[in-house]
Amino acid sequence: MKRDLPEIDGRLREWAFYFRDRRRLERCRSIENRYRPTSEDFASEGWGDPDAVPRSKPNFVLLRALETHDAVMQLQKIQKWSITYAYCYPALPRGMVLRCMKKWVGRPVSWKVFVEQVEGGKYRVAAILA
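Here the structure is a predicted model, which is why all the values come from computation and not from measurement. Each chain has its residues counted from 1, running along the sequence as written. Given that the model is predicted, a residue must reach a pLDDT of at least 70 before its local features are reported, and side-chain atom pairs must reach 80 or more before they are shown or counted; all residues, however, enter totals for whole chains, interfaces and linings. Hydrogens and waters are ignored; side-chain quantities use all the structure's heavy atoms.

Q: Would you mind going over the overall build of the protein chain in detail, with residue names and values included?
A: Within the protein chain one finds 6 helices and 0 strands. The order of helices and strands in the protein chain, counted from the N terminus, is α-α-α-α-α-α. Partly exposed residues are those whose accessible area sits between 20% and 50% of the maximum for their type, while under 20% is buried and over 50% is exposed, using a 1.4 Å probe and protein chains only. In the protein chain, buried positions account for 27% of the 130 residues. The contact criterion used throughout is that any non-hydrogen atoms of two residues lie within 4.5 Å. Considering only contacts within the protein chain whose residues lie at least 6 apart along the sequence, 69% involve residues at least 24 apart. Summing over all exposed atoms, the protein chain offers an accessible surface of approximately 9400 Å²; the carbon and sulfur share of this is 53%. Only DSSP runs of H or I reaching four residues or more are called helices, and only runs of E reaching two or more are called strands; each is numbered from the N terminus. Surface exposure here means Shrake-Rupley accessible area, sampled with a 1.4 Å probe, where a residue is shielded only by the protein chains that are shown.

Pasting the structure below:
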């Protein structure tokens, strides 16, 4: 099962791409929003770089993410929230994660318990998806 964990890690990242909040996809309505690093007529517009590599979108499959979501929803409450905060919101500070875990789990959780629950949840998701 040790060799399957990179695949499970990838599946959980794919799940997180579809199931996290979407506020980061909102854009401002200012002139900076119209900047295109690759434009056909960049010389006439005066901005853009013809040698810039266009940003590629991740190659995630929604149906696999839905299968992973079903597996995550079968976990215990503490593992479900641990997986959610570890993969959907990895940039949150440690204190914020622990406060949110206390709110949703109903009891205080230490960082060590949080990390253990993430690891245990990955193994349980791997077992459910197998």
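Q: Any details on the pattern of salt bridges? Residues and values, ideally.
A: Salt-bridge detection follows one rule: a side-chain nitrogen of Lys or Arg within 4 Å of a carboxyl oxygen of Asp or Glu. Tallying each qualifying case throughout the model produces 4 salt bridges. Put simply, Asp 9 and Arg 13 hold a salt bridge, and the shortest N to O gap is 3.2 Å. Taken together, the residues Asp 9 and Arg 13, both in helix 1 (residues 5-19) and 4 residues apart, mark about one turn of the helix. Put simply, Arg 11 and Glu 67 hold a salt bridge, and the shortest N to O gap is 3.1 Å. Placement of the pair is Arg 11 in helix 1 and Glu 67 in helix 3 (residues 62-73), with a sequence separation of 56 residues.

Q: If you had to explain the packing of aromatic side chains to someone new, which residues and values would you point to?
A: Ring pairs are drawn from Phe, Tyr and Trp, using the six-membered ring of Trp, whenever the two centres fall within 6.5 Å, and their geometry is named by plane angle: stacked under 30 degrees, edge-to-face over 60, tilted for the rest. Tallying each qualifying case throughout the model produces 7 aromatic pairs. Each ring, one from Tyr 85 and one from Tyr 89, has its centre 5.9 Å from the other, and the planes form 45°; the classification is tilted. Under the relative-accessibility criterion, Tyr 85 is labelled buried at 8%. Residue Tyr 89 is classed as partly exposed on the basis of its relative accessible area of 24%.

Q: Quick one: what's the story with helix 4 (residues 77-87), residue by residue and with numbers?
A: Among the residues making up helix 4, those that are buried are Ile 78, Gln 79, Ser 82, Ile 83, Thr 84, Tyr 85 and Tyr 87. Along its buried surface, helix 4 packs onto helix 1, helix 3, helix 5 (94-105) and helix 6 (111-129).

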